[in-house]
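Understanding the architecture of this molecule
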Amino acid sequence: MAMYTMVPFGRRSDSLVSLFDQMERSFWKDTGTSFSSFPTDIRDEGDKFTLSAELPGFHKEDIHLSLDGGVLTISAQHEENNEQKDEKGSYLCRERHYGSYQRSFSISGIQENAISASYENGVLKLTLPKETPVVPAARQINIQ
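Residues numbered from 1 in each chain as written. Predicted model: local features only at pLDDT ≥ 70, side-chain atom pairs only at ≥ 80, totals over all residues. Heavy atoms only, no water.

Turning our eyes to something else, we now look at the packing of aromatic side chains. Counted under the stated rule, the structure contains two aromatic pairs. Taking the centre distance of 6.3 Å and the plane angle of 75 degrees together, the rings of F38 and Y101 count as edge-to-face. Here F38 is found in the loop between α1 (16–28) and β1 (40–44), whereas its partner Y101 is found in strand β5 (residues 91–106), with 63 residues between them in sequence. Across this residue pair, the class does not change: F38 and Y101 are buried. A centroid spacing of 5.6 Å and a plane angle of 75 degrees characterise the contact between F58 and Y101, whose relative ring orientation is edge-to-face. (Phe/Tyr/Trp six-rings, centres within 6.5 Å; stacked < 30°, edge-to-face > 60°. Helix = DSSP H or I, 4+ residues; strand = E, 2+ residues; numbered from the N terminus. Buried < 20%, exposed > 50% of the residue type's maximum accessible area, 1.4 Å probe, protein only.)

Below is the structure:
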């Protein structure tokens, strides 16, 4: 299986998603913040791929993995409210943070039923075992 099949969807420059991504990058360029994706590393380890996705600040329960039609989708959603009130109950500070991320990957050539995942210290790790190629058995053909 070639590595290019593990490249995330939505990287085409002529797509509507790309247009919104460019607008978002332009708007947030001074802060270096991006809300549409998360850093991901994919390593080919011979008989399997290992995918590591950085999702700091999320709890395991905030992260969802789904498979549909040869596509693996990782989504994470987090909401946080920080309220500080004085003795009278008036707000001194009230902040709300919301983050939602989603990325999809083609997993053709992967054993879907053998995929495993773990989450530790803000890093989601997936093990994606490669399908074993089926080699047709050699046979002799008799000449008549």
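So that's the structure; there's more coming.
A word on the pairing of β1. Regular strands place their side chains on alternate faces of the sheet. With five bridges connecting them, β1 and strand β2 (residues 48–54) associate as antiparallel partners. Residue pairing in the sheet places D41 in a bridge with S52 of β2. Two successive antiparallel strands, β1 and β2, enclose a turn made up of three residues, where G46 displays a positive phi of approximately 85 degrees. (Pairing = 2+ DSSP bridges.)

With that settled, consider the sheet that holds strand β6 (residues 116–120). Within a sheet, neighbouring strands are paired by backbone hydrogen bonds and run either parallel or antiparallel to one another. Taken in spatial order, the four strands of this open sheet run β1-β2-β7-β6, and their pairing is antiparallel. Looking at which strands have only one partner, the edges of the open sheet turn out to be β1 and β6. Going across the sheet, the axis of each strand differs from the next one's by a mean of 15 degrees, ignoring polarity. For β6 and strand β7 (residues 123–129), the ladder comprises five bridges, and the chain directions are antiparallel. Directly across from S118, in β7, lies its bridge partner K125. (Axes fitted to C-alpha atoms, helices over the stretch in contact; angles between N-to-C directions.)

Using the criterion set out here, one finds three salt bridges in the structure. The residue K130 makes a salt bridge to D44 at a minimum N-O spacing of 2.7 Å. Separated by 86 residues along the polypeptide, K130 in the segment after β7 and D44 in strand β1 bring together distant segments of the chain. Taking the relative accessible area as the measure of exposure, D44 reaches 44% and is therefore partly exposed. Among the ionic pairs, K48 bridges to E45, the shortest N-O distance being 4.0 Å. Classification of E45 as partly exposed rests on a relative accessible area of 33%. Each of R43, E45 and K48 takes part in a single network of salt bridges with overlapping partners. (Salt bridge = Lys/Arg side-chain N within 4 Å of Asp/Glu carboxyl O.)

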